[in-house]
Amino acid sequence: MNRGAVPDRAPVSTHRFQLEPEFTLDDAAGRLQYLSRLGVTDVYLSPVLQATEGSKHGYDVTDHRHIATGLGGDYAFERFAAAAKAAGLGVVVDIVPNHMTTPTPLTQNRPLWAVLRDGPESPLALWFDIDWDAQQGKVLMPVLGDTLEAVLAAGEITIGSEAGHPVVRYYDHVFPVAAGTAELPLADLLAAQHYRLASWTIANDELNYRRFFDVTSLIAVRVEEPVVFEATHAKIAGLVQAGKIDGLRIDHPDGLADPEGYLDALAEATEGTWVVVEKILEGDEVLPADWACAGTTGYDALLRVGGLFVDPAGAAPLDALSTELLGEPQSLHAIVEESKRWVVQGMLATEVSRLVRLLARVVPAADQAMLRRALVELLVAMDRYRAYVRPGEVMTPDASEALAEAQSRATAAADESDRDAVALVADIARGVDVAGEAAGSDAARDEFMVRFQQTCGPAMAKAIEDTAYYRYVRLTGLNEVGGDPSSLGTETGEFHAFAAALAADWPHTMTTLSTHDTKRSEDLRARLFVLAERPEAWADWVRTARELVADRRSDEVDALTEYFLWQTVAGAWPITADRLGGYALKAIRESKLRTSWTDPDEAYESAVADLVTLMASDPAVATHLEAWHDATSREARANVLGQKLVQLTMPGVPDVYQGNELVDLSLVDPDNRRAVDYEDRGSRLARLDAGQAPADLSDEKLLVTSRALRLRRDTPDVFVGLSTSHAGLTTGSAHLVAFGRGRGDRVEVVVLATRLAGLLADRGGWGDDTVDLPEGAWQDLLSGERFSGGSVPIKRVLREPGLPVALLVRAEEQA
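Bear in mind that the values here come from a model prediction, so they are computed numbers and not experimental data.

### Thoughts on the sheet that holds strand β21 (residues 746–754)
- In spatial order, the strands read β19-β20-β21-β24-β22-β23; together these six strands make up an open sheet with antiparallel pairing. The sheet terminates laterally at β19 (724–728) and β23 (786–793), the two strands that pair on one side only. For this sheet the average axis-to-axis angle between neighbouring strands, irrespective of direction, equals 25°.
- Bridge analysis of strand β22 (residues 770–780) against β23 gives seven bridges, and the strand direction is antiparallel. Among the inter-strand pairings, Asp 772 is bridged to a residue of β23, identified as Ser 791.

### A look at the layout of surface pockets
- Each pocket or cavity is described by its volume, and for the second largest pocket that value is around 1,000 Å³.
- Looking at the second largest pocket, it is lined by 47 residues, and the ones nearest its centre are Glu 282, Gly 283, Gly 483, Asp 484 and Ser 486.
- For the lining of the second largest pocket, the elements supplying multiple residues, two or more each, are α10 (299–307), α12 (332–347), α14 (368–381), α15 (397–413), α17 (441–465) and α19 (522–533).
- The element best represented in the lining of the second largest pocket is α12, accounting for six residues.
- Residue classes in the lining of the second largest pocket are distributed as 20 nonpolar, eleven polar and 16 charged.

### Observations concerning the pairing of strand β2 (residues 42–45)
- Side-chain alternation along β2 places Asp 42 and Tyr 44 on one buried face and Val 43 and Leu 45 on a second face that is also buried.
- Pairing of strand β1 (residues 14–17) with β2, which is carried by four bridges, proceeds in the parallel orientation. Counted as the bridge partner of Arg 16 is Tyr 44 from β2.
- Two strands pair when backbone bridges link them, and β2 and strand β5 (residues 90–95) are joined in this way by four bridges, in the parallel orientation. Bridging across to β5, Leu 45 finds its partner in Val 93.

### Thoughts on helix α16 (residues 419–430)
- Given a rise of 1.5 Å per residue, twelve residues ought to cover 16 Å, and the 17 Å separating the end C-alpha atoms of α16 matches this to within 8%.
- Looking only at α16, the buried set comprises Ala 421, Val 422, Val 425, Ala 426, Ile 428, Ala 429 and Arg 430.
- Buried residues along α16 sit against α13 (349–362), α14, α15 and α17.

### Here we look at the packing of α14 against α17
- Between α14 and α17, the least distance of the axes is 10 Å, while the angle of their chain directions is 50°. The pairing of α14 with α17 is recorded here as oblique in orientation. Of the two elements, α14 crosses α17, and the hand of that crossing is right-handed. The segment α14 lies against α17, with Leu 375, Leu 378 and Leu 379 engaging Phe 448, Phe 452, Thr 455 and Cys 456.

### Some thoughts on empty space enclosed by the protein
- Tallying each qualifying case throughout the model produces eight cavities of 30 Å³ or more.
- Taken as a whole, the largest cavity spans an internal volume of roughly 250 Å³.
- Along the wall of the largest cavity there are 21 residues; nearest its centre are Arg 210, Arg 211, Glu 351, Arg 451 and Thr 455.
- Elements with a minimum of two residues in the lining of the largest cavity: β12 (211–212), α13 and α17.
- If one sorts the elements of the lining of the largest cavity by residue count, α13 sits on top with five residues.
- Its residues placed into classes, the lining of the largest cavity shows seven nonpolar, seven polar and seven charged.
- Its boundaries defined by the atoms lining it, the second largest cavity holds a volume of some 120 Å³.
- Taken together, 14 residues line the second largest cavity, and the ones lying closest to its centre are Leu 49, His 64, Ile 95, Val 96 and Ile 236.
- Secondary structure elements with two or more residues in the lining of the second largest cavity: β4 (61–67), β5 and α8 (226–241).

### A look at the sheet that holds strand β17 (residues 510–511)
- The strand order across the open sheet built from eight strands is β16-β15-β14-β5-β2-β1-β18-β17, with neighbouring strands paired in parallel fashion. Here the strands that pair on one side only, and so sit at the sheet edges, are β16 (295–296) and β17.
- Across two bridges, strand β15 (residues 274–277) lies against β16 in parallel orientation. Considered in β16, the bridge of Val 277 is made with Thr 296.
- Sheet strands in contact with helix α9 (residues 259–269) are β5, β14 (247–250) and β15, and its direction is about 160° off that of β14.

### A look at helix α20 (residues 535–549)
- The terminal C-alpha atoms of α20, which comprises 15 residues, lie 21 Å apart, in line with the 21 Å expected from a rise of 1.5 Å per residue.
- Regarding α20, the residues found buried are Pro 535, Trp 538, Ala 539, Trp 541, Val 542, Ala 545 and Val 549. All buried residues of α20 lie within an arc of 165° about the axis, which places them on one face of the element. Opposite the packed face of α20, turned more than 90 degrees from it, sit the exposed residues Glu 536 and Glu 547.
- Looking at the buried residues of α20, the elements they touch are α11 (315–326), α19, α21 (559–572), α23 (602–617) and α24 (619–631).

### Overview of the nonpolar core
- Among the nonpolar cores identified, the biggest contains 191 residues, and Phe 17, Leu 45, Phe 77, Val 93 and Trp 538 are the most heavily contacted of them.
- Counting residues in hydrophobic clusters, the runner-up holds 41 residues, among them Met 347, Leu 355, Ala 444 and Cys 456.

### Quick look at the pattern of salt bridges
- Evaluated as defined, the whole model comprises 73 salt bridges.
- Residue Asp 254 is joined to Lys 279 by a salt bridge in which the shortest nitrogen-to-oxygen separation is 2.8 Å. In this pair, Asp 254 sits in the loop between β14 and α9 while Lys 279 sits in the loop between β15 and β16, placing the two residues 25 residues apart along the sequence.
- Its salt-bridge partner being Asp 418, residue Arg 373 comes within 2.7 Å of it at the nearest N-O pair. Taken together, the residues span a long stretch of sequence, with Arg 373 in helix α14 and Asp 418 in the loop between α15 and α16 at a distance of 45 residues.
- Looking at Asp 418, the relative accessible area reads 4%, which means it is buried.
- Because the salt bridges share partners, they merge into one network encompassing Asp 129, Asp 131, Arg 210, Arg 354, Arg 357, Glu 447 and Arg 451.

Parameters at a glance
Residues numbered from 1 in each chain as written. Predicted model: local features only at pLDDT ≥ 70, side-chain atom pairs only at ≥ 80, totals over all residues. Heavy atoms only, no water. Pairing = 2+ DSSP bridges. Helix = DSSP H or I, 4+ residues; strand = E, 2+ residues; numbered from the N terminus. Axes fitted to C-alpha atoms, helices over the stretch in contact; angles between N-to-C directions. 1 Å grid on protein atoms, 1.4 Å probe; cavity = no way out; pocket = protein on both sides within 12 Å on 5 of 7 lines; lining within 4 Å. Points joined across faces, edges and corners; volume = space filled by probe spheres on them. Nonpolar A, V, L, I, M, F, W, Y, C, P; charged D, E, K, R; others polar. Buried < 20%, exposed > 50% of the residue type's maximum accessible area, 1.4 Å probe, protein only. Expected span 1.5 Å × (residues − 1). Contact = heavy atoms within 4.5 Å. Parallel < 35°, antiparallel > 145°, perpendicular 65-115°, else oblique. Left-handed = near helix turned anticlockwise from the far one by under 90°. Arc of directions from axis to C-beta. Core = buried A, V, L, I, M, F, W, Y, C linked by side-chain atoms within 4.5 Å. Salt bridge = Lys/Arg side-chain N within 4 Å of Asp/Glu carboxyl O.

Right, dumping it as structure tokens:
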């Protein structure tokens, strides 16, 4: 499946279900006929393996041997797979190879329980990425509310029994007792265990197991070990081999010791099934060509598609507005650098310490404090989630360039006295032999190479997605996973080049506009894109909005947070105070400017909560918000429908995140994992199929989505595969996205989408602008209208007051 290779079967489109105890496999099975009617070819499931009891997402795996009981268990999956096949649908499953959870109680995680009981001599110790030396042969378990001494003095730790065996209890936490230690006095017993109980506050400084980002409750699994890979993948691989799973989504491959090796092993275990990886590509970065996968989960497409509907000319006035409101200009580069430095020096301090210990083994004579400073600068300077360097192998040009550029930036930022150390650390990251014949230096260097790369991803994600994107407010709709808020807009030529490259190199990659991880849903972003198109009107609107609450807004609330929330409420309206309040609390804690998850400021949070209540509940604010949406409905409608049609018809395998076939105005999780009303969607689809005209924008989006998905399903060789093509069409207007899809040089489908619709209306509409349709007769699947090839006036195809998009197929094939 690496570049140019083709899986035996690939989805033509997918629909993501978020499974949880309130939406189980049996519940999902009851919605499969609707998905079939919608036109998707594969149902795409969130993780299904046994997770923490009551898990709402499934990424906290506890047992790889079984399907989660909270989702219905093994037999429910068998029923679901059979129902999917009966409905003509394939099944794609999200899997989590990087980590398991440290659940409460720990008895849910059998391998980890054994390791904590038996220590490094346990046969299962190989499973987990633990630095035993860092805690003198113990695993740090930072779960206490205070120091161990204080907790013991308060009598909060006791000895109990579990299944006939002695255990240590601390409230809901349960820990094993090593053999031969049960009779010891409590303090001595704890000292004799293979784990060390400690306050939660020391995790970032002393934790000695690799974790997922900064989440201490998720412990890394060493799937690079064949025995661990087999044990953790036997269930999923068996379901693939049995024909009950048809594809896989791989969570966080950049956390693995060897992503390429992992994908090779997975391809062998699953006989080359379709696989996509959750890989965030930065800038012009491309997926490594030799990875055994079909592509990414689509954030690269999300960036380009959304950008088509953002006016670059809005950058300057939106900058001016944020400067006016904040009292100073913002620099995204400076915000990112500050955020990364904070994350690397604080949140990831224990990961950095582990790297420094490795460096000390490679170059024992070097000053460790200097090495640490140099390492911090290099991690801050890395602008990718990973540079793919494998020990003992020649670096690819992409990896070499990424490390060279990071070294250059780190050198410039470092004190002059540390610059030689920066070069030294960079060389070790490249695999250069800097230690000569020092005993053990090669092994330490190779381990550093791997762990350095594993640390780059958390540094990027926590600093950018989970910090800087809650601080930078020029246009928050661009603050998205895989996004680039420093740049507004995608030119049509740039998009067509990107799409053509996908068709040629990664024709089976996934595309997306919304996921369980996106900061805002596709339609909320589509609304916010209007701000770049109408910056002056938006500036007037937000000034008035601030005046409406000025005499009731606490001085505690800073201008940055207020402006961030005005954009949020404008994008998500109508929204309840409860939903907006939950989001606001997460946003201000993630920004870490005035409050945080680990050090909350209750007075500040209360002031923000009061402002949220005003924004969501005040009648005058509501009237003001409705006026904004009335004034910008043309622009928002074109953005919503345009980006959806483009995503559904461009090269790749489009995913429709649960419920997003209608207009969805969700915020970041958990808001985007709310229950979906499939009864309403089914009724709407039935009305459209019966010939009724769309009643609202949600109906229009459902019409666009269902007709595009059905066309893909019925003509898969036009949309997915190495023989497919993507070509931009000649048009006389910068307000039209126009392209053809087909087999080779023959265009079979034409896609037209209006962009920057408000500015188009300002200039009086399409006028005499034309689009060159390929020769032949064409019919719009959305309006039913027919057209002949050649130079056609755009206003004939995209008639007012009809849809701002068109999906044309060869009319002779519709006879």
